[in-house]
Amino acid sequence: MAASPLAETTPAAQDMARIIVTKVFVRGLKVEAQIGVYDHEHGREQPLVVDVELDVAASHCERLGDTVNYEMVGEAARALVAEGHIDLVETFAERLAQACFADPRVMRARVRVEKPLALAPHAAAAGVEITAVRA
């Protein structure tokens, strides 16, 4: 019986098995934001639930410095809400994606922002999802 090519462990086979993209994600991040276009939304905070998925050019990660620290996503989201009122969840999502691109290894950012109270009690949440790709 011939050996499986997948079982080959020669240096050439190992080179072919390199990781090209690592996905770093944060799911269900909760932040309180002053957000919304309506009068009743100004001057008060509302909850947002944020999911972020980053495609990172990183392989052979052995240390935290080898990849993107997902804590950066939470820090960036909190920094954005600290800047003050934002009219649209789309704006928040785009700004958060741009903040993630501060790390040059981030090649793509998918940001989903849910506003749980937007259509309550008729819907669990409303929001937006964007995908941004490094130019």
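Everything numeric here is computed off the predicted structure, so don't read it as measured data.

(A) Highlighting the packing of helix H2 (residues 71-82) against helix H3 (residues 89-100). At a closest axis distance of 10 Å, the pairing of H2 and H3 adopts a crossing angle of 135 degrees. In terms of axis orientation, H2 runs oblique to H3. Seen along the crossing, H2 lies across H3 with a hand that is right-handed. Contact residues: Met 72, Val 73, Ala 76, Ala 77, Leu 80 and Val 81 in H2; Phe 92, Arg 95, Leu 96, Ala 99 and Cys 100 in H3. Here the contact of H2 with H3 is composed, by residue class, of 10 nonpolar, no polar and 1 charged.

(B) Focus on the pattern of salt bridges. Taken as a whole and assessed by the stated rule, the structure comprises 9 salt bridges. Put simply, Glu 53 and Arg 108 hold a salt bridge, and the shortest N to O gap is 2.6 Å. One end of the pair, Glu 53, is in strand E2 (residues 46-56); the other, Arg 108, is in strand E3 (residues 106-115), and 55 residues separate them in sequence. Of the two residues examined, Glu 53 and Arg 108, each falls in the buried class. Residue Asp 103 pairs with Arg 105 through a salt bridge whose shortest N-O separation is 2.8 Å. Among the residues examined, Asp 103 registers a relative accessible area of 17% and is labelled buried. By relative accessible area, Arg 105 is classed as partly exposed at 24%.

(C) Main features of the nonpolar core. Core analysis: the largest hydrophobic core is formed by 33 residues, its most contacted members being Leu 48, Val 50, Leu 54, Phe 92, Leu 96 and Val 111. Taken together, the elements giving at least two residues each to this core come down to strand E1 (22-33), E2, H2, H3, E3 and strand E4 (126-133). No other element matches H3, which puts 6 residues into this core. Non-local contacts of Leu 54, meaning those with residues more than four positions away in its chain, are made with Thr 22, Lys 23, Val 24, Val 68, Met 72, Val 73, Cys 100, Val 106, Arg 108 and Ala 109.

(D) Structural detail: the sheet that holds E2. One open sheet holds the 4 strands; their spatial order is E1-E2-E3-E4, and the pairing between them is antiparallel. Each end of this open sheet is capped by a strand with a single partner; those strands are E1 and E4. In this sheet, adjacent strand axes meet at a mean angle of 15 degrees when their direction is disregarded. Sheet topology note: the E2/E3 ladder contains 8 bridges and is antiparallel. Its bridge partner lying in E3, Val 50 is registered against Val 113. Helix-sheet contacts for H2 involve E1 and E2, and the interaxial angle to E1 is about 30 degrees.

(E) Local environment of H3. Taking 1.5 Å as the rise per residue, H3 with 12 residues should run 16 Å; its terminal C-alpha atoms sit 17 Å apart, in good agreement. Every buried residue belonging to H3 is among Val 89, Phe 92, Ala 93, Leu 96, Ala 97 and Cys 100, and all of these are buried. Along the long axis of H3, the arc covered by the buried residues comes to 130 degrees, so they all point the same way. Among the structural elements, E1, E2, H2, E3 and E4 are those in contact with the buried residues of H3.

(F) Structural view of the side chain of Asp 103. Here Asp 103 lies in the loop between H3 and E3. Contact partners of Asp 103, with chain neighbours within four places excluded, come to Val 68 and Arg 134.

What counts and what doesn't
Residues numbered from 1 in each chain as written. Predicted model: local features only at pLDDT ≥ 70, side-chain atom pairs only at ≥ 80, totals over all residues. Heavy atoms only, no water. Axes fitted to C-alpha atoms, helices over the stretch in contact; angles between N-to-C directions. Helix = DSSP H or I, 4+ residues; strand = E, 2+ residues; numbered from the N terminus. Parallel < 35°, antiparallel > 145°, perpendicular 65-115°, else oblique. Left-handed = near helix turned anticlockwise from the far one by under 90°. Contact = heavy atoms within 4.5 Å. Nonpolar A, V, L, I, M, F, W, Y, C, P; charged D, E, K, R; others polar. Salt bridge = Lys/Arg side-chain N within 4 Å of Asp/Glu carboxyl O. Buried < 20%, exposed > 50% of the residue type's maximum accessible area, 1.4 Å probe, protein only. Core = buried A, V, L, I, M, F, W, Y, C linked by side-chain atoms within 4.5 Å. Pairing = 2+ DSSP bridges. Expected span 1.5 Å × (residues − 1). Arc of directions from axis to C-beta.

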